[in-house]
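# Structural description and commentary
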Amino acid sequence: MKILIVEDEVALAESIGEYLKDEGYVNELVFDFQSASEKINTYSYDCVIVDINLPDGNGLDLIRQLKKNRAASGIIIISARNSLDDRIAGLDIGADDYLVKPFNLPELNARIKSVIRRINFSGSNEIVLNEIRIDTDAIQVFVHDELVVLTKKEYDLLIFFIANKNRVLSKESIGENVWGDYADTLSSFDFIYTHIKNLRKKLLEKGARDYLQNVYGVGYKFNTL
Ligand code: CA
């Protein structure tokens, strides 16, 4: 799961980033409007956390931009206590939720999980796909009710594939979504292939259907058809 944090209070942004990293998210931090705008026009995120008052712009315009791009990201506003009008405006133009500063980090995490569930999996904390069942609170995967022990990256890959099932996903897009934009700097995407190969093997060992298809020269498809 990939999160963009837009917050000009650097210490706050960093503490959010560190907390979410420990919770297993891939995070990117930006401290001003311009950088945030460039990020959301270039990359996709599962959730964007937006401060409204930025030194060089208004977070509401970032929300408008996300909506205009038809981004599938969840949007959570973080704002000062005295800016009720902004929060209402934010929800009106399509933000999913808001938190008033100061907030505690587990609360933010709970909101992120709920927003992502709503967007990708119709609100449930259990994803069921034929013989595969995923408990997204416990971060556990079962095939035919038997636990499959996955690494964090294998788990993230599986969630990303299921959220985008039956679509061809390029290696670049898989890398960007599961590893963050530092995937750009890698000279090859072979490491993605290794993780996918291991995930596929573990699912097959427990008797799952062979969903993961290599689309030659392009990437992968999680084929449920
Ligand atoms: Ca601010």
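Analysis parameters
The numbers attached to residues start from 1 for each chain and follow its sequence in the written order. In keeping with the predicted nature of the model, local features appear solely for residues at pLDDT of at least 70, side-chain atom pairs appear and are counted solely at 80 or more, and the whole-chain, interface and lining totals rest on all residues. In computing side-chain values, all of the structure's heavy atoms are included and hydrogens and water are not. Any two strands with at least two DSSP bridges between them are considered paired. Strands are runs of DSSP state E lasting at least 2 residues, helices are runs of H or I lasting at least 4, and numbering of each runs from the N terminus. Only the contacting stretch of a helix is used when fitting its axis, a line to C-alpha atoms as for every element, and angles between N-to-C directions run 0 to 180 degrees. Atoms of type N, O and S within 2.8 Å of a metal are treated as its donors, and for Na, K and Ca the window is 3.2 Å; water is not considered, so some sites may appear to be missing partners. Each residue gets one of three labels from its accessible area relative to the maximum for its type: buried under 20%, exposed over 50%, partly exposed in between, using a 1.4 Å probe on protein chains only. Working definition of a nonpolar core: buried Ala, Val, Leu, Ile, Met, Phe, Trp, Tyr and Cys residues. They are joined through side-chain atoms within 4.5 Å. Each domain's extent was defined by an automatic or database domain assignment. Any two residues whose heavy atoms approach within 4.5 Å at even a single point are treated as in contact. For patches, a residue must show more than 30% relative accessible area and have no salt bridge; joins then use 9 Å for like charges and 5 Å for nonpolar side chains, namely Val, Leu, Ile, Met, Phe, Trp and Tyr. Accessible surface is estimated by sampling points in the Shrake-Rupley manner with a 1.4 Å probe; for residues, cover comes only from the protein chains shown. For this document, the term salt bridge refers to a Lys or Arg side-chain nitrogen within 4 Å of an Asp or Glu carboxyl oxygen. Here the positive residues are Lys and Arg and the negative ones are Asp and Glu; neither His nor the chain ends is included. To locate a charge, take NZ of a lysine, CZ of an arginine, CG of an aspartate or CD of a glutamate. Here's the idea: put two parts together, see how much 1.4 Å probe accessible area each one loses, and the total over both is what we call buried area. The definition of a polar contact used here is a pair of N or O atoms within 3.5 Å, where within protein one atom must be able to donate a hydrogen and the other to accept one, and adjacent residues in sequence count solely through side-chain atom pairs.

With parallel pairing, the five strands of this open sheet are ordered in space as 2-1-3-6-7. Pairing within the sheet leaves two strands with one partner each, and these edge strands are strand 2 (26–30) and strand 7 (97–100). Between one strand and the next, the sheet's axes are offset by a mean angle of 20°, whatever the strand orientation. Two elements, strand 1 (residues 2–6) and strand 3 (residues 47–51), share four bridges in a ladder whose sense is parallel. Among the inter-strand pairings, Val6 is bridged to a residue of strand 3, identified as Val50.

So, about the coordination of the calcium ion. Protein-derived coordination of the calcium ion comes from Asp8 (OD), Asp51 (OD) and Asn53 (O), at a distance range of 2.1 to 2.4 Å. Going along the chain, you hit the donors of the calcium ion in the pattern D-x42-D-x1-N. In this pair, Asp8 is assigned in the loop between strand 1 and helix 1 (10–22) and Asn53 in strand 4 (residues 53–54), connecting sequence segments 45 residues apart. The class of Asp8 is partly exposed, set by a relative accessible area of 28%. Overall, Asn53 belongs to the partly exposed group, its relative accessible area being 46%.

With that settled, consider the nonpolar core. The biggest cluster of nonpolar side chains holds 46 residues, and the ones touching the most others in it are Ile3, Ile112, Ile134, Leu158, Phe161, Ile174 and Phe222. Ranked by the residues each element gives to this core, the list is headed by helix 6 (residues 152–163), at seven residues. Residues from two domains meet in this core; each of domain 1 (2–121) and domain 2 (126–222) gives at least three. Contact partners of Ile134, with chain neighbours within four places excluded, come to Asn125, Glu126, Ile127, Gln140, Val141, Tyr155, Leu158, Ile159 and Ile162. Val6, Phe33, Tyr45 and Ile52 belong to the second largest nonpolar core, which has 19 residues in total.

What follows is about a negative patch on the surface. Negative charge collects at one region of the surface, where Glu14, Glu18, Asp22 and Glu23 lie side by side. Tracing the backbone through its elements, the reader meets Glu14 in helix 1. Overall, Glu14 belongs to the partly exposed group, its relative accessible area being 38%.

Domain boundaries assigned for the protein yield domain 1 (2–121) and domain 2 (126–222). For domain 1 and domain 2, the distance between their C-alpha centres works out to 26 Å. Of the residues lining the interface, eleven residues belong to domain 1; the matching set on domain 2 comes to 16 residues. Buried surface at the junction of domain 1 and domain 2, summed over both partners, amounts to about 1,100 Å²; 47% is from carbon and sulfur atoms. Summed over the three residues of domain 1 that lose the most area to domain 2, namely Val26, Tyr43 and Phe121, the buried surface amounts to 43% of that side. Counting across the domain 1 and domain 2 interface gives two salt bridges. The partner of Arg117 in a salt bridge is Asp137, and the shortest N-O contact between them spans 3.4 Å. Where domain 1 touches domain 2, the interface holds five residue pairs in polar contact (both at pLDDT 80 or more). Among the elements of the structure, strand 2 and helix 5 (105–121) are those that each provide at least two residues to the side of domain 1 that touches domain 2. Here the side of domain 1 that touches domain 2 takes four residues from helix 5, the largest share from any one element.

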